[in-house]
Amino acid sequence: MEEAHTPPCPLYRKCGGCQLQTLPYPQQLRRKQAREIALLGAFGHVEPIIGMDDPTHYRNKVCAAFALDAKRHIVSGVYQPGSHRVVPVEECLIEDAIADRIIADIRDMLRDFKIQVFDERSDRGFLRHVLVRRGFQSGEVMVVLVAASPVFPTQKPFVKKLLELHPEITTVVLNVNDRFTPVVLGEREKVLFGPGVIEDTLCGYRFRISPRSFYQVNPVQTEVLYGKAVEYAALTGTETVLDAYCGVGTIGISASAGAKQVIGVELNRDAVKDAIANARLNGLKNCWFTAGDAGEYMQRMARDGHRPDVVFMDPPRAGSDERFLQALRKTAPDRVVYVSCDPETLARDLRILTAGGAFAVRRIQPVDMFPFTEHVETVVLLSRNA
Ligand code: SAH
């Protein structure tokens, strides 16, 4: 029996973000371990999950929705699950505390500057979301104001005041999203202050991150995760490595010192631009990045008879797809390191990779990237059966 205790956050019921709050941290880990064993145990031994020493305030990316409450007061926070009602959040157990303060101050400033929040029902107003990202090592802070329109009348004094209140902010970006979609960020952007990107250091390498690029939200555990991924790759300096679903190139770049060359493929063009800049930023001459669908790229490799020695793959929650996995079987690299943020789609994909004995699962390592939530990250090492 799991012993429940009072959730530490008063918003536990309304917000829904931290599903495991009623469990003390060691029990959260036990529960995740049991889930991993249930889903992945058939493929081999599941190593004990690596948890955090301090599991609070780990999220370095915070996104707040802005809206009016029933009394037409401005509120900011998260959407109540399954609705478009915003649950006001002042402080969050898992979010970066500085990011939360910046968001709270922006909310107060809206009143002073008479800036309206966007109202979905009337399709009127300006500010929809605020996204804050803070570099873990660098301390650089990016604020992205997501608005329904590019016209920002009090822009200059607003940004000036925000920088006075928070001199730690290194860049402010206006992102325009005038569509009705659940996606927070729109396509158009205007830099209002600073370089429009932040830099951070991870695993000893520098990374530039732009507003729309994916970057892991828990930097402490990301170093643990990538450390395991690179260890499993067991590179000797002669290998051609494919980093599939590479984002801004973090895994491939972290592994590059041990490889002959690294090729990264990623769908998001902004992330690919960041990855190319990141290779340059670190003075790396053996990393190449290309924009495109990982499955298509893998198929082309298989067709042209190119064979990577090691493949890292780190797909989104939906997992990989048939195209990628079949091409991966065909190209038959020596080792595949699968980094997954969803053990269910991971199990599905592992079944495809191990079918007929093409690959064998050698190691399974869960890492707790998202304490208090039910999510769990896993690194799996597969090797080709000779
Ligand atoms: N390895 C990176 C990014 C992982 S997140 C890191 O650790 O930071 C998954 C990435 O897959 C995202 O950057 C997303 O844009 C990308 N992606 C999603 N579908 C893709 C596809 N079909 N082909 C290539 N990349 C894809």
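Residues numbered from 1 in each chain as written. Predicted model: local features only at pLDDT ≥ 70, side-chain atom pairs only at ≥ 80, totals over all residues. Heavy atoms only, no water.

1. Digging into the site of the ligand
- The immediate surroundings of the ligand are formed by 16 residues, with Tyr226, Glu266, Asp293, Ala294 and Asp314 found nearest.
- A distance of 2.5 Å separates an oxygen atom of the ligand from a polar atom in the side chain of tyrosine 226.
- At 3.1 Å, a backbone N or O of tyrosine 245 approaches a nitrogen atom of the ligand.
- Compared with its free state, where it exposes 570 Å², the ligand has 87% of that area covered by protein.
- By residue class, the composition of the shell around the ligand is eight nonpolar, five polar and three charged. (Near = heavy atom within 4 Å. Polar contact = N/O pair within 3.5 Å; in protein donor to acceptor, adjacent residues only side chain to side chain. Areas by Shrake-Rupley, 256 points an atom, 1.4 Å probe, with all protein chains shown as cover. Nonpolar A, V, L, I, M, F, W, Y, C, P; charged D, E, K, R; others polar.)

2. Some details on the sheet that holds strand β7 (residues 188-193)
- On the basis of which strands lie adjacent, the open sheet formed by seven strands has the order β3-β2-β1-β4-β5-β6-β7 and mixed pairing. At either margin of the open sheet sits one strand with a lone partner, and together these are β3 (86-88) and β7. Each strand axis lies, on average, 35° off the axis of its neighbour in the sheet, ignoring direction.
- Two strands pair when backbone bridges link them, and strand β5 (residues 141-147) and strand β6 (residues 169-176) are joined in this way by seven bridges, in the parallel orientation. Across the sheet, the residue bridging to valine 141 is isoleucine 169, located in β6. (Pairing = 2+ DSSP bridges. Helix = DSSP H or I, 4+ residues; strand = E, 2+ residues; numbered from the N terminus. Axes fitted to C-alpha atoms, helices over the stretch in contact; angles between N-to-C directions.)

3. Description of the domain arrangement of the protein chain
- Taken domain by domain, the protein chain holds domain 1 (12-54 + 218-384) and domain 2 (61-196).
- Between the C-alpha centres of domain 1 and domain 2 the distance comes to 31 Å.
- For the domain 1 face of the interface with domain 2, the top three residues by lost area are Lys14, Cys15 and Pro219, together amounting to 51%.
- Our enumeration of links across domain 1 and domain 2 arrives at zero salt bridges.
- Where domain 1 touches domain 2, the interface holds zero residue pairs in polar contact (both at pLDDT 80 or more).
- No other element matches the three residues that helix α5 (residues 219-233) contributes to the side of domain 1 that touches domain 2.
- Of the residues contributing to the side of domain 1 that touches domain 2, the split by class is six nonpolar, three polar and two charged. (Domains from an automatic or database assignment. Buried area = accessible area lost by both parts, 1.4 Å probe. Salt bridge = Lys/Arg side-chain N within 4 Å of Asp/Glu carboxyl O.)

4. Considerations on the nonpolar core
- Formed by 57 residues in total, the largest nonpolar core has its most connected members in Phe289, Phe312 and Val337.
- Top element by residues in this core is α5. It accounts for five residues.
- When we break this core down by domain, the ones giving at least three residues each are domain 1 (12-54 + 218-384) and domain 2 (61-196).
- Those residues within four positions of phenylalanine 312 in sequence are excluded, and the remaining contacts are Ala229, Val230, Ala233, Val241, Leu242, Asp243, Ala244, Ile251, Ala255 and Val337.
- With 31 residues, the next largest nonpolar core counts Phe43, Ala294, Leu346 and Val380 among its residues. (Core = buried A, V, L, I, M, F, W, Y, C linked by side-chain atoms within 4.5 Å. Buried < 20%, exposed > 50% of the residue type's maximum accessible area, 1.4 Å probe, protein only. Contact = heavy atoms within 4.5 Å.)

5. Focus: the pairing of strand β10 (residues 240-244)
- With five of five residues buried, β10 is to be regarded as a mostly interior element.
- The two faces of β10 match: Thr240, Leu242 and Ala244 on one face and Val241 and Asp243 on the other face are all buried.
- Direction of pairing for β10 relative to strand β11 (residues 261-266): parallel, over a ladder of five bridges. Each residue of the ladder has a partner; that of leucine 242, found in β11, is isoleucine 263.
- For the segment spanning β10, helix α6 (residues 250-255) and β11, crossover handedness is right-handed.
- In the sheet, β10 pairs with strand β13 (residues 310-313) via four bridges, with the strands oriented parallel. Residue leucine 242 lies in a different strand from β13, and its bridge partner there is valine 311. (Right-handed = clockwise from strand over helix to strand, strands pointing away.)

6. Things to note about the environment of proline 316
- Of note, proline 316 is situated in the loop between β13 and α9 (322-331).
- The exposure class of proline 316 is exposed, given its relative accessible area of 52%.
- Separated by 23 residues in sequence, proline 316 and valine 339 have C-alpha atoms that sit 9.6 Å apart.
- Setting aside its immediate chain neighbours within four residues, proline 316 contacts Tyr245 and Cys341.

7. Some points on the side chain of threonine 222
- Looking at where threonine 222 falls in the secondary structure, it is placed in helix α5.
- Discounting residues that sit within four places of it in the chain, threonine 222 has contacts with Leu202, Gln216 and Met369.

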